[in-house]
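Now for the letters of each chain:
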Amino acid sequence: MTIQEIFNSTAVRSVEEQILDLYHETERKHWCNDENKKAIKSLLEVRRRILNSMFVLDEQNKQLLAEFNEAMKQQLIEMRKRAIDLYNSVYKPDMGGTVEVEGKCFMGYEYSKIHPVQSMRAKKMWAVLNGSLDDYIFLYCEDGVNSFYINNYDPKIESENELLYLNEDLDNWNEGLDREMTKDMHLTYAFHNLFSHLDFSIYDLLWVRDFNIEIHVEYNYHTYESDEFGDDLDWGKCDYWD
């Protein structure tokens, strides 16, 4: 089947139309319907399973996956570099307090212009998936494809390989795919997370080449001597009654 035939199949059209109808109902009523939100979250998982069941890892799709993985890898490396540079520009040893810098990498909010399917339904589905409309994929909306963290009270800085593969060695997170065909791909943990743990289908990822980086800086200090963030409260005693 072609990509167009897959996305126009009865199963995919049906589940996507249900998702968009539920969102449209929420938008029309101008209030958050918890039941609709729960239903959309469940239907996104159904959609992912349907699309992934239709996926065939041929040479063309392997090349697309390699290009996606490489584009995402380069942006994760760039995110880490910029977060470290920003931290070094802000933190001074004598300033006191704590400095925390967190970088997050998200896939581009605009629907990929090179995706073979360019329908309005596809663009609306991408807005549902990427968090533009609501946090239907909560963990993705919180941390993106992956995040990087640096602060002045933990001297260890996560290396590039730790960020990309969760260890110091070059790895290959290819669970769920043809192991033999993908043995040379060095797929990142970020791909594995999107493919295996979140509600993106592999057909949502193959044509993504653009990313959005967020880097947040937080500085805290206090005017008291203790390093504790409050009183030592003994909850074993009911001594708060007047």
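Computed from a prediction, not measured in an experiment: that's the story for all the values here.

### Points about the sheet that holds strand β1 (residues 98-107)
Here's step 1: What the three strands build is an open sheet, ordered β2-β1-β3; its pairing is antiparallel. Whereas interior strands pair on both sides, the edge strands pair on one side only; in this sheet they are β2 (146-151) and β3 (211-220). Averaged over neighbouring strand pairs, the angle between their axes works out to 15° when direction is ignored.
Here's step 2: As paired elements, β1 and β2 share five bridges and run antiparallel to each other. Across the sheet, E102 pairs through a bridge with Y149, a residue of β2.
Here's step 3: Where helix α4 (residues 59-90) meets the sheet, its contacts fall on β1, β2 and β3, and the angle it forms with β3 comes to roughly 25°.

### A look at unusual backbone geometry
Here's step 1: Notably, L166 is not glycine yet its phi reads approximately 70°, a positive angle.
Here's step 2: For L166, the location among the structural elements is in the loop between α7 (160-165) and α8 (189-197).
Here's step 3: A positive phi is found at H186, a non-glycine position, where the angle reads about 50°.
Here's step 4: When you line up the elements, H186 lands in the loop between α7 and α8.

### Description of the packing of helix α2 (residues 10-29) against helix α3 (residues 34-53)
Here's step 1: Closest axis-to-axis distance for the α2/α3 pair is 10 Å, and the angle between their directions is 160°. When the axes of α2 and α3 are compared, the pair comes out roughly antiparallel. Considering how the two elements wind past one another, α2 and α3 form a crossing that is left-handed. Mapping the contact onto sequence places A11, V12, V15, E16, Q18, I19, L22, Y23, E25 and T26 in α2 and N36, A39, I40, L43, L44, V46, R47, I50 and L51 in α3.
Here's step 2: When its residues are assigned to classes, the contact of α2 with α3 shows 13 nonpolar, three polar and three charged.

### Overview of a negative patch on the surface
Here's step 1: A cluster of acidic side chains, namely D231, D232, D234 and D239, defines a negative patch on the protein surface.
Here's step 2: Counting through the fold element by element, D239 comes out in the segment after β3.
Here's step 3: D239 gets classed as exposed once you look at its relative accessible area, which sits at 57%.

### Some remarks on the side chain of N36
Here's step 1: In this structure, N36 sits in helix α3.
Here's step 2: Given a relative accessible area of 8%, N36 falls into the buried group.
Here's step 3: Once residues within four sequence positions are removed from consideration, N36 is found in contact with L22, E25 and T26.

### Topic: helix α5 (residues 120-129)
Here's step 1: In terms of burial, α5 is largely enclosed, as seven of its ten residues are buried.
Here's step 2: The complete set of buried residues in α5 reads R121, A122, M125, W126, A127, V128 and L129.
Here's step 3: On its buried side, α5 packs onto α1 (3-7), α2, α3, β1, α6 (138-143) and α9 (202-205).
Here's step 4: Directly after α5, the chain includes G131, whose backbone phi takes a positive value near 90°.

### Digging into the nonpolar core
Here's step 1: Within the largest apolar cluster, 66 residues are counted, with the highest numbers of intra-cluster contacts made by F68, M107, F191, L194, F200 and Y203.
Here's step 2: A total of ten residues in this core trace back to one element, the largest contributor, which is α4.
Here's step 3: Residues within four places of F191 in sequence aside, it is in contact with L65, F68, N69, M72, W173, L177, I202 and L205.

Calculation notes
Per chain, residue numbering runs from 1 following the sequence as it is written. Local features in a predicted model are, by the rule used here, given only for residues with pLDDT of at least 70; side-chain atom pairs are given and counted only at 80 or more, and totals for whole chains, interfaces and linings are based on all residues. Excluding hydrogens and water, the side-chain figures rest on all heavy atoms present in the structure. If DSSP finds at least two bridges between two strands, the strands pair. Numbering goes from the N terminus for both helices and strands, where a helix is a DSSP run of H or I of at least four residues and a strand is a run of E of at least two. Axis lines are fitted to C-alpha atoms, over the contacting stretch for helices. Their N-to-C directions set the angle, which ranges from 0 to 180 degrees. Contact criterion: two residues are considered in contact whenever any of their non-hydrogen atoms come within 4.5 Å of each other. In these notes the angle categories are as follows: under 35 degrees is roughly parallel, over 145 is roughly antiparallel, 65 to 115 is roughly perpendicular, and the rest is oblique. Should the near helix be turned anticlockwise from the far one by less than a right angle, the crossing is termed left-handed; should it be turned clockwise, right-handed. Here the term charged refers only to Asp, Glu, Lys and Arg, the term nonpolar to Ala, Val, Leu, Ile, Met, Phe, Trp, Tyr, Cys and Pro, and the term polar to all other amino acids, Gly among them. Without a salt bridge and with relative accessible area above 30%, a residue can belong to a patch; like charges are then joined within 9 Å and nonpolar side chains (Val, Leu, Ile, Met, Phe, Trp, Tyr) within 5 Å. In short, Shrake-Rupley with a 1.4 Å probe defines the accessible areas, and a residue's cover is counted only from the protein chains shown. Any carboxyl oxygen of Asp or Glu within 4 Å of a side-chain nitrogen of Lys or Arg constitutes a salt bridge here. Positive charges are assigned to Lys and Arg, negative charges to Asp and Glu, while His and the chain termini are left out of the count. Charge positions come from single atoms, namely NZ of Lys, CZ of Arg, CG of Asp or CD of Glu. Accessibility here uses a 1.4 Å probe with only protein chains present; expressed as a share of the type maximum, an area under 20% marks a residue as buried, one over 50% as exposed, and anything in between as partly exposed. In plain words, nonpolar cores are sets of buried Ala, Val, Leu, Ile, Met, Phe, Trp, Tyr and Cys residues tied together by side-chain atoms within 4.5 Å.

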